[in-house]
Amino acid sequence: MLNYGSNCSMLPLCLTIAGSDPAGGAGIQLDLAVFRSLGVYGMSVISVITAQTASRVYSASPVSNEQFSRQLQCLSSQYQFSAIKIGILDPELIETLKNFLSQASCPVILDPVLKSSSGHVFLDAGRFSEVIPLVTLITPNVPEAELLSSKSISSLSDMITASELILSCYSSNGGALKGVLVKGSHLGKEKGASDVFSWLDESGDVVTEIFSTCYKELQWEVHGTGCFLSSAITALVANGADFSRAIKESKELIESYLAKSVRLPGDKSGVFVFFD
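A brief report on the enclosed structure follows. Per chain, the residues get numbers from 1 upward, laid out in the order the sequence is written. Local features in a predicted model are, by the rule used here, given only for residues with pLDDT of at least 70; side-chain atom pairs are given and counted only at 80 or more, and totals for whole chains, interfaces and linings are based on all residues. Just so you know, side-chain values use all the structure's heavy atoms and leave hydrogens and water out.

1. Focus: the overall build of the chain
- Where helices and strands are cited, they refer to DSSP runs of H or I of at least four residues and of E of at least two residues respectively, numbered from the N terminus. Scanning the chain from N- to C-terminus turns up eight helices and nine strands.
- Evaluated residue by residue, the chain yields a buried proportion of 49% over its 276 residues.
- We get accessible surface area from the Shrake-Rupley algorithm with a probe of 1.4 Å; when it comes to residues, only the shown protein chains can shield them. When the accessible surface of the chain is summed, it comes to about 13000 Å², and 50% of that surface belongs to carbon and sulfur atoms. Relative accessibility decides the category of a residue: with a 1.4 Å probe and only protein chains considered, values under 20% of the type maximum give buried, values over 50% give exposed, and everything between is partly exposed.

Written out as structure tokens, the structure reads:
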């Protein structure tokens, strides 16, 4: 953990705009835990209040647009963020978020949570696509990348095509998007996760990297892996890492925490724990 003493001007501030998970295994609760573990100070704006456990989402209700706007305004008027992470959204909040992002001056990482792992639909791809030109990095999984690219994905080659297509589509015409990370665990979790990262270099050319991780086999699925990855990337970027390094280190971090995951009583899925 970094020690800043009394000099808080050096402390990176990260904002998560996401849903609240009462079980603590995902959403803003997990984001803030990851932020703390990586030495950044986390702040949060709640977009959606969910009723869920580690195994199932029972309901999801957005906060009012007025309350959402007030949360954003009170924080942004006083604090300067080093990086921002966005998770679950609701259609009623999109315009307010777009106005906020148009004034952002730091990297913005979007985890396009369109549907929970248990099947609950949060937002359609069409509304999420309105936000993408205003963010710096987007981290879709394979089903989300299929929706955003309108392409079927069944192989690593398909992932590369989709990531480059999404990047080309949303970075054109002055869009802020600089990178697309397509997470490949849906193609074969038993073999680990090969992720494809396409990004624009200084000359505007597309560069594509492949990150492979062989996770150890676990007795259960672990809730919140997407939230963990995107919040870890956010914190590492806030601490000065470029996206390529942040992705690599985030995947290594997840691997270490997956090995320490636990399954709470009554749950089918496991959760991350952050005990010292």
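2. Some thoughts on the layout of surface pockets
- Cavities and pockets were defined on a 1 Å grid built from protein atoms only: a cavity is a group of points that admits a 1.4 Å probe but offers it no way out, a pocket is an open group of points flanked by protein on both sides within 12 Å along at least five of seven lines, and a lining residue is one with an atom within 4 Å of any such point. Grid points are joined across faces, edges and corners, and a volume is the space filled by probe spheres set on the points. Roughly 190 Å³ of volume is contained in the second largest pocket.
- Together, S76, Y79, Q80, F81, I84, F100, Q103, A104, S105 and C106 line the second largest pocket.
- Across the lining of the second largest pocket, the residue classes break down as six nonpolar, four polar and no charged. In this classification, Asp, Glu, Lys and Arg are treated as charged, Ala, Val, Leu, Ile, Met, Phe, Trp, Tyr, Cys and Pro as nonpolar, and every other residue, Gly included, as polar.

3. With respect to the pattern of salt bridges
- Salt bridges, as used here, are contacts in which a Lys or Arg side-chain nitrogen is within 4 Å of a carboxyl oxygen on Asp or Glu. Evaluated as defined, the whole model comprises eight salt bridges.
- Taking the shortest distance from any N to any O, the salt bridge between D31 and K85 comes out at 2.8 Å. One end of the pair, D31, is in helix α1 (residues 27-37); the other, K85, is in strand β4 (residues 83-86), with 54 residues separating them in the sequence.
- Here D31 falls in the buried class, since its relative accessible area comes to 0%.
- Residue K85 is classed as buried on the basis of its relative accessible area, which comes to 1%.
- D111 serves as the salt-bridge partner of K183, at 3.5 Å between the closest nitrogen and oxygen. Of this pair, K183 sits in the loop between β7 (179-182) and β8 (193-200) while D111 sits in the loop between β5 (108-110) and α4 (125-128), and the two are 72 residues apart along the sequence.
- Among the residues examined, D111 registers a relative accessible area of 4% and is labelled buried.
- Connected through shared salt-bridge partners, E95, K98 and E130 make up one network.

4. Looking at the environment of A26
- With respect to the element layout, A26 can be found in the loop between β1 (13-20) and α1.
- Distance from A26 to F272, taken between C-alpha atoms, is 8.9 Å for residues 246 residues apart in sequence.
- For this analysis, residues touch if any pair of their heavy atoms sits within 4.5 Å. Apart from the residues lying within four places of it in its own chain, the contact partners of A26 are D21, H223, G224 and C227.

5. Brief notes about helix α2 (residues 65-76)
- Expected span of a helix: the number of residues minus one, times 1.5 Å. End to end, α2 covers 16 Å across 12 residues, agreeing with the expected 16 Å (1.5 Å per residue, within 8%).
- Inspection of α2 places F68, Q71, L72 and L75 among the buried residues, and these make up the whole buried set. One side of α2 carries all its buried residues, which in axial view fall inside an arc of 90°. What points out from α2, more than 90 degrees from its buried face, is the exposed set R70 and Q73.
- Where α2 is buried, its residues touch β1, β2 (41-52) and α3 (94-101). Regarding the arc, it is the one traced by the directions from the helix axis to the C-beta atoms.

6. Quick word on the pairing of β1
- Taking burial as the measure, the eight residues of β1 include eight buried ones, the bulk of the element.
- Two strands pair if DSSP finds at least two bridges between them. With seven bridges connecting them, β1 and β2 associate as parallel partners. The partner of S20 across the bridge, within β2, is I49.
- When the strands point away from the viewer and the path from the first strand over the helix to the second turns clockwise, the crossover is right-handed. For the handedness criterion, the β-α-β arrangement of β1, α1 and β2 is classed as right-handed.
- Relative to β4, β1 is paired through four bridges, and the arrangement is parallel. Paired with C14 across the bridge in β4 is A83.

7. What about the packing of α1 against helix α7 (residues 225-238)?
- Angular values range over 0 to 180 degrees, each being the angle between N-to-C directions of two axes fitted as lines to C-alpha atoms, with helices fitted over their stretch in contact. In the contact formed by α1 and α7, the axes pass within 9 Å of each other and the chain directions differ by 40°. As summarised for this structure, α1 and α7 are arranged oblique, according to the angle between their axes. Here the hand of the crossing between α1 and α7 comes out right-handed. In this structure, α1 contributes G27, L30, D31, V34 and F35 to the contact, and α7 contributes C227, F228, S231, A232, T234 and A235.
- For the contact of α1 with α7, the per-class residue count stands at seven nonpolar, three polar and one charged. We call two directions roughly parallel when the angle between them is under 35 degrees, roughly antiparallel when it is over 145, roughly perpendicular when it lies between 65 and 115, and oblique otherwise. If you view the pair so one helix is near and one far, a crossing is left-handed when the near helix is turned anticlockwise from the far one by less than a right angle, and right-handed when it is turned clockwise.

8. Side note on the environment of N99
- With respect to the helices and strands, the residue N99 is situated in helix α3.
- We classify N99 as exposed; its relative accessible area is 51%.
- The spacing of N99 and L134 is 35 residues in sequence and 9.7 Å in space, taken between C-alpha atoms.

9. Re the packing of aromatic side chains
- When two rings of Phe, Tyr or Trp (its six-membered ring) have centres within 6.5 Å they constitute a pair, described as stacked for plane angles under 30 degrees, edge-to-face for angles over 60, and tilted for the intermediate range. In total, this model carries five aromatic pairs according to the counting rule given.
- Here F197 and W199 contribute two aromatic rings whose centre-to-centre distance is 6.4 Å and whose plane-to-plane angle is 20°, an arrangement assigned as stacked.
- Since its relative accessible area comes to 26%, W199 is described here as partly exposed.
- Look at F228 and F274: their rings are 6.0 Å apart centre to centre, the planes differ by 15°, and that puts the pair in the stacked class. With F228 in helix α7 and F274 in the segment after α8 (243-258), the pair connects residues that are 46 residues apart, well separated along the chain.

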